[in-house]
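Residues per chain, in single letters:
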Amino acid sequence: MAIREIVKIGDKILSLKAQDVSEFDDNLKNLLDDLKETMLFAEGVGIAAPQIGISKRICIVCVDGETVYELINPVIVKGSGMQYNIEGCLSVPGRNGYVQRPKKLIVDAYNRDGEMIRYKVSEYLAIAFSHEIDHLEGILFTQKIIDDEEKIKKIKSKAENE
Ligand code: CO
């Protein structure tokens, strides 16, 4: 395992649509292990392969320091509800901002053994899944930051009523 360098905002790879994984081999397992090590070292709650310079549809999420979700070729089957919270990103040091996300997500993804798994996630975990899957589409949270005070007020009251 190795800690990889994290690509920062401004690098083109972060704005590319990443490529599907087709080989579930030892290279993939090593990459997943490196992603995990890099994420833990950087004290993040998720990381996507493009963030270490690899434009493949792979990301991992760990919001509680224990359960690590490895998502390969993830597809959002359904998103519902709305939540609104402050986010940051390992590729955008020093910046935080409010982003609107689905409150619940159903995601299909392969695991490292090539088995398809359906995840039903909500709350903070849904934020992390959505943020990391965005990376695979070349989307950074900075593109979704809402900084208009009036808009924030409206969204907050809507989110609280859901
Ligand atoms: Co990020």
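Computed from a predicted structure; not experimentally measured.

J.: Can you lay out the coordination of the cobalt ion for me, pointing to particular residues and giving the numbers?
T.: Taken together, Cys 89 (SG), His 131 (NE2) and His 135 (NE2) make up the full set of protein donors to the cobalt ion, lying 2.0 to 2.3 Å away. Each donor residue of the cobalt ion belongs to the same chain, and together they define the spacing C-x41-H-x3-H. With Cys 89 in the loop between strand E4 (83-87) and strand E5 (97-101) and His 131 in helix H2 (residues 123-136), the pair connects residues that are 42 residues apart, well separated along the chain. For the residue pair Cys 89 and His 131, the accessibility class agrees, reading buried in each case.

J.: Report on the packing of aromatic side chains, specifying residues and quantitative values.
T.: Applying the stated criterion to the full structure yields five aromatic pairs. Seen in terms of ring centroids, Phe 24 and Tyr 110 are 5.6 Å apart; in terms of plane orientation they differ by 55°. Their pairing is tilted. Separated by 86 residues along the polypeptide, Phe 24 in the segment before helix H1 (26-41) and Tyr 110 in strand E6 (residues 104-110) bring together distant segments of the chain. With centroids separated by 5.7 Å and ring planes inclined at 80°, the aromatic side chains of Tyr 69 and Tyr 119 adopt a geometry described as edge-to-face. One end of the pair, Tyr 69, is in strand E3 (residues 69-80); the other, Tyr 119, is in strand E7 (residues 116-122), with 50 residues separating them in the sequence. Each member of the pair Tyr 69 and Tyr 119 is classed as buried. By way of ring pairs, the aromatic residues Tyr 69, Tyr 119 and Phe 129 are connected into one cluster.

J.: Residues and numbers for H2, please.
T.: The end-to-end C-alpha distance of H2 is 21 Å, a good match for the 20 Å that 14 residues give at a rise of 1.5 Å each. A large share of H2 lies buried, amounting to 12 of its 14 residues. Turning to H2, its buried residues are Leu 125, Ala 126, Ile 127, Ala 128, Phe 129, Ser 130, His 131, Glu 132, Ile 133, Asp 134, His 135 and Leu 136. Residue Gly 138 follows H2 closely and has a positive phi angle near 80°.

J.: Describe the pairing of E5, naming the residues involved and giving the relevant values.
T.: Because side chains alternate across E5, one face comprises the buried residues Gly 97, Val 99 and Arg 101, and the other comprises Tyr 98 and Gln 100, none of which is buried. By the bridge criterion, five bridges tie E4 to E5 in an arrangement that is antiparallel. Looking at the pairing, Ile 86 lines up with Tyr 98 of E5.

Basis of the calculations
- Note on numbering: residues in each chain are counted from 1, in written sequence order.
- Note on the predicted model: pLDDT of at least 70 is required for a residue's local features to be given, and 80 or more for side-chain atom pairs to be given and counted; whole-chain, interface and lining totals, by contrast, use all residues.
- With hydrogens and water stripped out, all remaining heavy atoms of the structure feed into the side-chain values.
- The donor set comprises N, O and S atoms within 2.8 Å of the metal, extended to 3.2 Å for Na, K and Ca; water molecules are omitted, so apparent gaps in a site may simply reflect that omission.
- Helix numbering and strand numbering both begin at the N terminus, where a helix is a DSSP run of H or I of at least 4 residues and a strand a DSSP run of E of at least 2.
- Partly exposed residues are those whose accessible area sits between 20% and 50% of the maximum for their type, while under 20% is buried and over 50% is exposed, using a 1.4 Å probe and protein chains only.
- In this scheme Phe, Tyr and Trp rings, the latter by its six-membered ring, pair at centre separations within 6.5 Å, and the angle between planes marks the pair as stacked below 30 degrees, edge-to-face above 60, and tilted otherwise.
- One less than the number of residues in a helix, times 1.5 Å, gives the span that helix is expected to have.
- When DSSP locates at least two bridges between a pair of strands, those strands are taken to pair.

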